[in-house]
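Residues per chain are reported as follows:
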Amino acid sequence: MTESTLETSGQNGLDERDPQNSAVPPRSSRGHRFTSYDVRAFEVPGGREEDWRFTPMKRLHGLHDGSAEATGSLDVEVSGDSAVKVETVDRSDERLGAAGAPADRIAAQAWSSFTEATVVTIPKDTQATDPVTVTVHGPGQDRTAYGHLQVRAEPLSEAVVVLDYRGSGIIGDNIEMIAEDSAQLSVVTIHDFADDATQVSSEHAYLGKDAVFRHFAASLGGDLVRVNTKVTFGDRGGDADVLGVYFADSGQHLEHRLLMDHAQPNCRSNVTYKGALQGDSARSVWIGDVLIQAAAEGTETFELNRNLVLTEGARADSVPNLEIETGEIAGAGHASAIGRFDDDQLFYLQARGIPYDQARRLVVRGFFGELLQKITVDEVRERLEAAIDKELAAVGA
């Protein structure tokens with residue numbers, strides 16, 4: 001692969017507001033950006049802003065400008081370990097919003113528009129032996145829905161939660177993932193929509209003292225899927241692994257934006273995403289931001305993104321950013337690569353009698369395999385492996 005240009009951000013003090021709208025304050029860095037639960041506090045993005053310049057605005061179906069009124073609802077099903085508590089609550093529940101406030105207009109629109117939320121709680125000192133599966137069905141073709149989900153692991157609890165998005169429709173939602181003190185929470189999020197679906201999702205993860213958080217994201221289906229994931233370290237000793245895979249087909253737009261907000265000392269984060277693209281106009285976007293605030297001494301962090309472009313006409317954008325406000329850290333780094341797979345690997349396999357098409361499949365499977373093996377739920381891992389094989393077979397790879 002060829003290495004892409006690495007970009008390191010810093011506080012530049014630039015005011016990115018529309019001069020006609022004083023509701024939005026200056027943005028100096030992503031970590032200190034403006035947040036609000038009020039959709040009116042955000043200007044309507046036009047597509048030229050840094051946060052939106054990679055996103056095809058016309059394909060958002062009005063999620064960004066307030067014209068997408070709710071015409072349907074999300075169907076949420078929860079199954080799994082009986083020790084886990086599942087509730088459907090209205091928007092007055094005081095627990096909602098604890099993981100973080102919306103940082104863009106669509107997230108604020110989703111917050112303002114949902115009518116009921118699903119709260120999944122792993123009680124204190126509980127170790128869930130079976131995975132908890134939350135299946136979210138879209139509202140249906142050409143219908144719009146907003147949603148809210150909170151997954152909370154109370155102190156000293158442990159659980160694996162699978163969040164499985166399916167179906168059609170236009171969706172804006174907020175996801176809260178809270179690991180309280182000394183909890184161990186693993187969340188696998190699968191975006192496997194029908195070809196017509198659009199989703200813009202904001203994920204807010206919050207880690208308490210000595211909490212362990214494992215997150216795996218897989219984006220496969222849908223016309224446009226844009227996911228913003230923010231991990232906030234609320235106390236010292238937090239540990240986060242944030243992993244992901246995506247496979248974009250012809251015409252698909254898959255976008256992942258991440259922020260590791262190190263605000264507390266002696267925390268660790270590792271981010272690794274891998275993507276593949278095939279077909280005309282297949283598009284992927286990965287933006288990885290790490291902020292190490294002045295108080296976050298002893299931080300250890302690294303982020304990596306790699307992309308395989310399998311056919312002509314596909315495009316991947318990858319921008320890692322590292323912002324450091326203290327020199328007292330254990331280590332920090334980032335890397336990014338976009339390119340075709342290694343011809344030497346193909347030659348090696350073909351020299352041992354493996355046909356060209358099979359050799360390409362093996363190379364791509366190996367590319368994703370490192371991350372897929374980290375999924376502890378066998379059924380989910382096998383499902384994703386089969387989905388990738390199906391994608392490869394579509395172009396005879």
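For the structure, check the block above.
Remember, predicted model here, so these are calculated numbers, not experimental data. (Residues numbered from 1 in each chain as written. Predicted model: local features only at pLDDT ≥ 70, side-chain atom pairs only at ≥ 80, totals over all residues. Heavy atoms only, no water.)

For helix H3 (residues 356-372), with 17 residues, the first-to-last C-alpha span of 24 Å sits near the 24 Å given by 1.5 Å per residue. At Gly366, H3 shows its maximal bend, which comes to roughly 30°. Listing the buried residues of H3 in full gives Ala359, Arg360, Val363, Val364, Phe367, Phe368, Gly369, Leu371 and Leu372. Along its buried surface, H3 packs onto strand S11 (212-219), strand S13 (239-248), strand S15 (268-277), strand S17 (300-309), helix H2 (343-350) and helix H4 (378-394). (Helix = DSSP H or I, 4+ residues; strand = E, 2+ residues; numbered from the N terminus. Expected span 1.5 Å × (residues − 1). Bend = angle between axes of the 7 residues up to and from the residue. Buried < 20%, exposed > 50% of the residue type's maximum accessible area, 1.4 Å probe, protein only. Contact = heavy atoms within 4.5 Å.)

A word on the pattern of salt bridges. Enumeration over the complete set of coordinates arrives at 22 salt bridges. Between Asp239 and Arg268 there is a salt bridge, with the nearest N and O atoms lying 2.8 Å from each other. Of this pair, Asp239 sits in strand S13 while Arg268 is found in strand S15, placing the two residues 29 residues apart along the sequence. Residue Asp239 is classed as buried on the basis of its relative accessible area, which comes to 18%. For Arg283, the salt bridge identified is with Asp317, shortest N-O distance 2.6 Å. Of the two residues, Arg283 is situated in strand S16 (residues 283-292) and Asp317 in strand S18 (residues 315-324); the sequence distance between them amounts to 34 residues. An identical accessibility class is assigned to Arg283 and Asp317; each is buried. The structure contains a network of salt bridges with shared partners spanning Asp164, Arg166, Asp192 and Arg383. (Salt bridge = Lys/Arg side-chain N within 4 Å of Asp/Glu carboxyl O.)

Among the seven residues in strand S4 (residues 116-122), six count as buried, and that is most of the element. Pairing analysis gives six bridges linking strand S3 (residues 85-90) to S4, with the strands arranged antiparallel. Along S4, the bridge assignment pairs Val89 with Ala117. As paired elements, S4 and strand S6 (residues 144-153) share five bridges and run parallel to each other. (Pairing = 2+ DSSP bridges.)

Within the open sheet, the nine strands sit side by side as S3-S4-S6-S8-S10-S12-S14-S16-S18. Their pairing is mixed. Of all strands in the sheet, those bounded by a partner on one side alone are S3 and S18. Strand-to-strand twist of the sheet, defined as the mean angle between neighbouring strand axes without regard to direction, takes the value 10°. Here ten bridges tie strand S8 (residues 170-179) to strand S10 (residues 198-207), and the two strands are oriented parallel to one another. Bridge pairing in S10 links Ala179 to Leu207. Along the sheet, helix H1 (residues 105-113) contacts S6, S8 and S10; its crossing angle with S8, the most-contacted strand, is approximately 90°. (Axes fitted to C-alpha atoms, helices over the stretch in contact; angles between N-to-C directions.)

Turning our eyes to something else, we now look at the packing of aromatic side chains. Following the criterion strictly, the structure yields seven aromatic pairs and no others. Consider the rings of Trp111 and Phe114, whose centres lie 5.5 Å apart with planes at 70°: the pair is edge-to-face. You'll find Trp111 and Phe114 in the same group, each marked buried. Joined through ring pairs, the aromatic side chains of Tyr37, Trp111 and Phe114 make up one cluster. The side chain of Arg91 reaches across the aromatic face of Trp111, ending 5.7 Å from its centre. (Phe/Tyr/Trp six-rings, centres within 6.5 Å; stacked < 30°, edge-to-face > 60°. Lys NZ or Arg CZ within 6 Å of the ring centre and 35° of its normal.)

Running from amino to carboxyl end, H2 crosses H3 at an angle of 125°, the nearest separation of the two axes being 9 Å. Judged by the angle between their axes, H2 and H3 are oblique. Judged by the sense of rotation from one axis to the other, the crossing of H2 with H3 is right-handed. Listed contacts from H3 to Gln345, Leu346, Leu349 and Gln350 of H2 are Tyr356, Ala359, Arg360, Leu362 and Val363. Each residue belonging to the contact of H2 with H3 can be placed in one class, and the counts come to six nonpolar, two polar and one charged. (Parallel < 35°, antiparallel > 145°, perpendicular 65-115°, else oblique. Left-handed = near helix turned anticlockwise from the far one by under 90°. Nonpolar A, V, L, I, M, F, W, Y, C, P; charged D, E, K, R; others polar.)

A few words now on the packing of H3 against H4. One way to put it is that H3 packs onto H4 with a least axis distance of 11 Å and a crossing angle of 155°. Compared by their axis directions, H3 and H4 come out roughly antiparallel. As H3 packs across H4, the resulting crossing turns out to be right-handed. Along its contact with H3, which presents Arg361, Val364, Arg365, Phe368 and Leu372, the element H4 presents Arg381, Leu384, Glu385, Ile388, Asp389, Leu392 and Ala393.

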